[in-house]
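Take a look at the letters that make up each chain.
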Number of protein chains: 4
Amino acid sequence: MTDIQFHGVIPPVVIPLTEERTLDLEALERSINRMIDAGVDGLFFLGSSGEVAFLTDAQRYHVLQEAVAMVHGRVPVLAGIIDMETLRVVDQAKRATGYGVDGLVATAPFYALGGPKETERHFRAIREHTDLPLFAYDLPACVHTKLDPTMLVRLGTDGVIQGVKDSSGDDVAFRWLCLENEDAGHPLQVFTGHEVVVDGAYMSGADGSVPGLANIDPHSYVEQWRAAQAGDWDKVREIQDYLARLMFVTRVVKATVGFGAGVGAFKTALWQMGVFNTNQMREPVQKLEGEDVEAIRSVLERAGML
Amino acid sequence: MTDIQFHGVIPPVVIPLTEERTLDLEALERSINRMIDAGVDGLFFLGSSGEVAFLTDAQRYHVLQEAVAMVHGRVPVLAGIIDMETLRVVDQAKRATGYGVDGLVATAPFYALGGPKETERHFRAIREHTDLPLFAYDLPACVHTKLDPTMLVRLGTDGVIQGVKDSSGDDVAFRWLCLENEDAGHPLQVFTGHEVVVDGAYMSGADGSVPGLANIDPHSYVEQWRAAQAGDWDKVREIQDYLARLMFVTRVVKATVGFGAGVGAFKTALWQMGVFNTNQMREPVQKLEGEDVEAIRSVLERAGML
Amino acid sequence: MTDIQFHGVIPPVVIPLTEERTLDLEALERSINRMIDAGVDGLFFLGSSGEVAFLTDAQRYHVLQEAVAMVHGRVPVLAGIIDMETLRVVDQAKRATGYGVDGLVATAPFYALGGPKETERHFRAIREHTDLPLFAYDLPACVHTKLDPTMLVRLGTDGVIQGVKDSSGDDVAFRWLCLENEDAGHPLQVFTGHEVVVDGAYMSGADGSVPGLANIDPHSYVEQWRAAQAGDWDKVREIQDYLARLMFVTRVVKATVGFGAGVGAFKTALWQMGVFNTNQMREPVQKLEGEDVEAIRSVLERAGML
Amino acid sequence: MTDIQFHGVIPPVVIPLTEERTLDLEALERSINRMIDAGVDGLFFLGSSGEVAFLTDAQRYHVLQEAVAMVHGRVPVLAGIIDMETLRVVDQAKRATGYGVDGLVATAPFYALGGPKETERHFRAIREHTDLPLFAYDLPACVHTKLDPTMLVRLGTDGVIQGVKDSSGDDVAFRWLCLENEDAGHPLQVFTGHEVVVDGAYMSGADGSVPGLANIDPHSYVEQWRAAQAGDWDKVREIQDYLARLMFVTRVVKATVGFGAGVGAFKTALWQMGVFNTNQMREPVQKLEGEDVEAIRSVLERAGML
């Protein structure tokens, strides 16, 4: 296994489309370069924010091929291997590996739920088929299983997983994960996916963050991580307050709910900022229009991002 | 579009494996023939009971290729095109079509949830890419969206879908679906997936059933459907009481929960009855053993199936 | 304990208010007499449809005092003893007993959830404090615990409870409850609370129903029960189709959701039919107005109730 | 209305019983004095931790009468007015007021759910019947409605509520509540109820905390609050790590789940520490025994509390 130590700010990359819903390579490169230039510590492709669920396999690996080439080793690359149950995830792992990524990110099984035994076996079975660093992605909003902190640390101690991306929305369990991980000798690199409360996660001992909002403002997340490393907690929270307000881009949307309001708002913001060429989405989600675009512009203006 | 009218008993086919977890073609043919000989009106492959979530794409289409050849036109074949979001489902639809199936079955989008607009658009977008009859599969336990009866009937009236497989567990909404469908001129063929209360669904006006338990006892479900057609409701409910007790095979399992207890029990019963050669499951689910096997045997014995 | 055998149609009585939100005794007597004259087999006061959660204790026992006097022994009276945890429910049981009711109805504990042990202990503890027949009210939508069929039958066999009112929306579990109850010698009188699918419940072996909609059309529910007793299943389902359409009164409401749309629609229908003098509701729910009233009138007209 | 400004550490008081399940006044006074001597800024009676759902009204007001006398003005007293719907809550408000408390705490309506309109009306209706400071208690785990931050701030601006106790487990919404409250001129005093992540809440701008665990270690929570006031964030998080580990008393319980494991563990710890005379619970919950008591002792020992 590689000995890369993942830490710091690793944005889940939002993927730009053209109006015709093809991959917009020019905008993708601009966005990747913008984040790397801001000092991010890695990039995560094919995550939820990267519309992984909406991409065919062909589209997924097209994204990965282009993205790895664009990053060109400047920062480590993580790739989501998101699929329903173990064999399908292993299939994705094998394919992703061929594209030269530095680590893989897998959720608990979904669609057909089991119990804790099946969840733990799932990660162990994936490990049997890959040598790459493996992150467990705790995302009950999508997969409807919460990963147990004790199980995660056991998987870490056994070398099955190397890290956790926690997007569970359960800050109590996150604290327990950090404490149990510490007590076990820190086998896991623990990241929070909640861009609105990264400061609390850093207080809890997180090794970094995977904030979708960092696509819009990577500088502030990098600055916040460096402040946390320096123990300047007042700065950490001050930046967080600013970023939490910037996240209002997702709260002002009226036309729809769920994914279309979340990633749809990110794309709209990036379009208004000139990073993306349009805010096009993939079926069945429609791009935001009219008043929603105006409302998102207002949030960006108040934040000084326009 | 073909003008096949789907109706009656269409079991979702449970797929036998060898101990080494490869497809057991001999047992599959035995099970398919056993159901067709019992008089079922169709077969549904790559549904939840068919472990669709646990199969790689290669394995899915291997199953479909063999199954279509084994059925050989004796009954219509439905194929699940189960995947996360629209483009992936369309991808599955295109591939399944090549294997000569008679109809497709798609769920609401899952993993990244939206609202009602996205759900409706999803089915319309699938229709734009296939000419085959399309069934909406209402399965909130797996996909976490309940399909609205009014929307389903609208999709039926517009020619987007031709039927519904309702495994929602919501018998009130099912009644409303049947009534609204009737008022609209019966554009939809409506099936229940709840093997324990098929009699109530037939009372509500269902056009048939998709009972996983029919893998174990296809004769009784066929007999029940014929009794319903003849208006012999006492026989319908008497058979249902027997079948509901046979379904205890899934209730006596202690070793695990969820899918492994459900389809795991079906496989164990089929193995004990000599239809399957083993009760092997796919990762991360483990096959049932010891006391669970004994308990399932007891249920089968009480039902006279051994 | 009394040896009343509860069976048949036992409507949960909707309680009329004046515009000033006081108890409308005149309308209450009219509604009670209307249901008894139609041939109902009992009446259930202080259930969810009776706004039990919205009444102070003083108001609850005012209702009970008046209701028992109005019924005057013509049919048995059940009383809800709905409160959070055991001691509070026992308190309600003691008070209700003083008003001369024939049976009590209690839910699982709510607000502070426990596990199966606490739920079972709850009913046993209530039994230690009352000699009246006790019904378990299975209502997970309100109390967020589903009552396990096996536990219910065990409580029945032990003489702790005499019946179940199932409003769980889980028709599979209801079938299992009926079968397990039968196998145990029928210790429980089992009622369904789902007015839209009473026919399926009767097919499953229910001893009766507790349909809120019977406040609006008691005759049809009585006729349906008698048809079920006579084995005339075609009539049972025909009446059910009519009643399911009548239940659209609750589906056409646009102004609000939840309780205000459900019982609010019942009150509005009873007002339009001249049984109630107004459709007033209790705080924080507001009465339905304008288009919602018109839409409810349309449903009643189509059903021939106006 | 009084002009008390609530802030800092306000523990929800756990109530000791005798073995015979009567109120243990001696232990209650010991526990109250212990918390006041440690420097807490207020006490909250009749909250979830105070077994409010398990107490009859008579028992509730017995507790309140004794508690107010014991506190004797040394710190402000908040009282829970926890009941199902508006009129019942108003009834509790009127009674609690008579006992001389300094503020009231009410949840959203529960048992019969409505929509946002009913939730907002509920708090406005309560306000019409009391002059005391009113806190909204955000507790979706018990009442199954999440309070919307924007609505809470609107209620604050309108003088309907003076504060919020957030036990929602939603740290993102908590951040938004704090930000919107700030933008509105800070009409609300905002408290977190999550003892494990108080540091994150203080970073988010909380005015204080309501930690059940402060019954066991009030000194540390007081010290933490003072460190937060002084901007000593390293101390805040260091204390939090210690307290999060102390909270393992609730995680080591094996005999039951839910309330019995949570407050049951608190009572067991207080008993082992000599503050309480037993760990008795109210029906239907049983007190913890054997291995669970040993496991809780171990946690206390590791934390240096024994």
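Conventions and cut-offs
- Residues numbered from 1 in each chain as written.
- Chains lettered and ligands numbered in written order.
- Predicted model: local features only at pLDDT ≥ 70, side-chain atom pairs only at ≥ 80, totals over all residues.
- Heavy atoms only, no water.
- UniProt positions renumbered as here; feature names shortened; annotations may be inferred.
- Helix = DSSP H or I, 4+ residues; strand = E, 2+ residues; numbered from the N terminus.
- Buried < 20%, exposed > 50% of the residue type's maximum accessible area, 1.4 Å probe, protein only.
- Pairing = 2+ DSSP bridges.
- Contact = heavy atoms within 4.5 Å.
- Axes fitted to C-alpha atoms, helices over the stretch in contact; angles between N-to-C directions.
- Buried area = accessible area lost by both parts, 1.4 Å probe.
- Salt bridge = Lys/Arg side-chain N within 4 Å of Asp/Glu carboxyl O.
- Polar contact = N/O pair within 3.5 Å; in protein donor to acceptor, adjacent residues only side chain to side chain.
- Nonpolar A, V, L, I, M, F, W, Y, C, P; charged D, E, K, R; others polar.

For chain A, an unreviewed UniProt entry supplies the name Dihydrodipicolinate synthase family protein and the organism Slackia faecicanis. UniProt's Sequence similarities (unreviewed entry) comment on chain A is quoted here verbatim: "Belongs to the DapA family."

For this particular structure, what's the right way to read unusual backbone geometry?
Note: most residues except glycine have negative phi, and most peptide bonds are trans. The step from A:Glu283 to A:Pro284 runs through a cis peptide bond, and the omega angle for that step is 5°. Relative to the assigned elements, A:Pro284 resides in the loop between α11 (259–272) and α12 (290–302). The backbone of A:Tyr111 sits at a positive phi, close to 80°, despite the residue not being glycine. Tracing the sequence through the fold places A:Tyr111 in the loop between β4 (103–107) and α4 (116–127). Unusually for a residue other than glycine, B:Leu46 sits at a positive phi of about 60°. Mapped onto the secondary structure, B:Leu46 falls in the loop between β2 (43–45) and α2 (57–71). Residue B:Leu46 is classed as buried on the basis of its relative accessible area of 1%.

It is not clear to me how the sheet that holds strand β4 (residues 103–107) of chain C should be interpreted in this structure. Could you clarify?
Through backbone hydrogen bonds, the strands of a sheet pair up, either in parallel or in antiparallel fashion. Residue and element names in this part refer to chain C. One open sheet holds the eight strands; their spatial order is β1-β8-β7-β6-β5-β4-β3-β2, and the pairing between them is parallel. The open sheet has two edge strands, β1 (8–9) and β2 (43–45), and neither has a second partner. In the sheet, β1 pairs with strand β8 (residues 208–209) via two bridges, with the strands oriented parallel. Residue Val-9 lies in a different strand from β8, and its bridge partner there is Ser-209. Those strands touched by helix α7 (residues 171–183) are β6 (163–166) and β7 (189–192), and its axis lies near 165° from that of β7.

Quick question: what am I supposed to make of the interface of chain B and chain A here?
Quoted interface sizes are often the accessible area lost when the parts come together. Contacts between the two partners involve 47 residues from chain B and, on the opposite side, 47 residues from chain A. Between chain B and chain A the total buried area reaches about 3600 Å² when both faces are included, carbon and sulfur atoms providing 60% of it. Summed over the three residues of chain B that lose the most area to chain A, namely B:Leu87, B:Arg88 and B:Tyr111, the buried surface amounts to 23% of that side. One can count six salt bridges joining chain B with chain A. The residue A:Asp57 makes a salt bridge to B:Arg88 at a minimum N-O spacing of 2.8 Å. The tally of links between chain B and chain A comes to 19 residue pairs in polar contact (both at pLDDT 80 or more). Considered class by class, the residues forming the side of chain B that touches chain A number 23 nonpolar, 13 polar and eleven charged.

Any chance you could explain the interface of chain C and chain D here in plain terms?
Counting from both sides, the interface comprises 47 residues of chain C and, opposite them, 47 residues of chain D. With both sides pooled, the region where chain C packs onto chain D buries about 3600 Å², and carbon together with sulfur makes up 59% of that total. Among the residues chain C hides against chain D, the three largest losses belong to C:Leu87, C:Arg88 and C:Tyr111. Together they make up 23% of the total. Joining chain C to chain D, the criterion identifies six salt bridges. Salt-bridge contacts for C:Arg88 lead to D:Asp83; the nearest nitrogen and oxygen are separated by 3.3 Å. Joining chain C to chain D, the criterion identifies 19 residue pairs in polar contact (both at pLDDT 80 or more).

Would you explain the sheet that holds strand β1 (residues 8–9) of chain B in this entry?
Residue and element names in this part refer to chain B. A sheet is described by the order of its strands in space; here eight strands give the open sequence β1-β8-β7-β6-β5-β4-β3-β2, paired in parallel fashion. Only two strands of the sheet have a single neighbouring strand rather than two, namely β1 and β2. Across three bridges, the pairing between strand β3 (residues 77–80) and strand β4 (residues 103–107) is parallel. What sits directly across from Leu-78, in β4, is Gly-103.

Would you mind going over the arrangement of the chains with me for this structure?
Between chain A and chain C there is no contact, and the shortest C-alpha to C-alpha distance separating them is 18 Å. A gap remains between chain B and chain D, which never touch, and the nearest two C-alpha atoms on either side lie 18 Å apart.

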